[in-house]
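Each chain is listed here by its residues.
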Amino acid sequence: MDELVVVKVVGTEPEAELLCSLLRSAGIECAGRQTNLGAGAADGMPGGPYELVVLPQDLDDARNILQERGDTGEQ
């Protein structure tokens, strides 16, 4: 994936994976990546917020899918 944009920020890696799975099931490439804030959390252990990233052309569709699901919070 190149030129990715953030569609949503969530609190944990499992939440990011769950929502990415939802987007992937709709045909949207998605990845979860730890935010800069999360990267410094917990003394180097995984944790903290994750960003859901998609290709720019999929951003509107991804937002719509997440809103339909009930995740209306924006990044």
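Bear in mind the structure is a predicted one, so any value in this text is a computation, not a measurement.

How each quantity is defined
Note that residues are indexed from 1 along each chain, following the sequence as it is written. Confidence filtering applies because this is a predicted model: local features only for residues at pLDDT of at least 70, side-chain atom pairs given and counted only at 80 or more, and all residues used for totals across whole chains, interfaces and linings. Neither water nor hydrogens contribute to the side-chain values; these are computed over all heavy atoms in the structure. The working definition used for a salt bridge is a side-chain nitrogen of Lys or Arg within 4 Å of a carboxyl oxygen of Asp or Glu. Here the term buried applies to any residue with accessible area under 20% of the maximum for its type, exposed to any over 50%, and partly exposed to those in between, with areas from a 1.4 Å probe on protein chains only. Put simply, DSSP marks the helices as runs of H or I at least four residues long and the strands as runs of E at least two long, and each gets a number from the N terminus on. Cysteine sulfur atoms are paired as a disulfide whenever they fall within 2.5 Å. Two strands form a pair only when DSSP identifies at least two bridges running between them. Where helices are involved, their axes are fitted lines through C-alpha atoms of the stretch in contact, as for all axes, and angles between N-to-C directions lie from 0 to 180°. Residue contacts are counted whenever heavy atoms from the two residues lie within 4.5 Å of one another. Summarising the geometry, the arc corresponds to the directions from the helix axis toward the C-beta atoms.

Draft legend 1. Structural context of the pattern of salt bridges. Counted by the stated rule, this structure contains two salt bridges. As a salt-bridge pair, Arg-24 and Glu-17 come within 3.6 Å of each other at their nearest N and O atoms. For Arg-24, a relative accessible area of 38% translates into the label partly exposed. The exposure class of Glu-17 is partly exposed, given its relative accessible area of 38%. Residue Arg-33 pairs with Glu-51 through a salt bridge whose shortest N-O separation is 2.7 Å. Here Arg-33 is found in strand E2 (residues 31-34), whereas its partner Glu-51 is found in strand E3 (residues 50-54), with 18 residues between them in sequence. With relative accessibility at 38%, the residue Arg-33 sits in the partly exposed group.

Draft legend 2. Seen up close, the state of the cysteines. Enumeration over the complete set of coordinates arrives at one disulfide. What pairs with Cys-20 in a disulfide is Cys-30, and their sulfur atoms sit 2.2 Å apart. On the sign convention where negative means left-handed, the S-S torsion of about -50° between Cys-20 and Cys-30 marks this disulfide as left-handed. Within this pair, whereas Cys-20 is found in helix H1 (residues 13-25), its partner Cys-30 is found in the loop between H1 and E2, the two being separated by 10 residues in sequence. Taken as a pair, Cys-20 and Cys-30 share a single burial class, namely buried.

Draft legend 3. View of the sheet that holds E2. Strand order in the open sheet made by the three strands is E1-E3-E2, with antiparallel pairing throughout. Only two strands of the sheet have a single partner each, and these edge strands are strand E1 (5-10) and E2. The average undirected angle you get between the axes of adjacent strands in this sheet is 35°. Sheet contacts for H1: E1, E2 and E3; angle to E3, the most-contacted strand, approximately 20°.

Draft legend 4. Quick look at helix H3 (residues 59-69). When H3 is considered as a whole, its buried residues turn out to be Leu-59, Ala-62, Ile-65 and Leu-66. Along H3, the residues classed as buried sweep out an arc of 130° about the axis, all on the same side. Residues of H3 that are exposed and point over 90 degrees away from its buried face: Asp-60 and Glu-68. Once H3 ends, the next one or two residues include Gly-70, with phi positive near 110°.

So, to be careful, I would describe these as geometric facts and stop short of saying anything about function.
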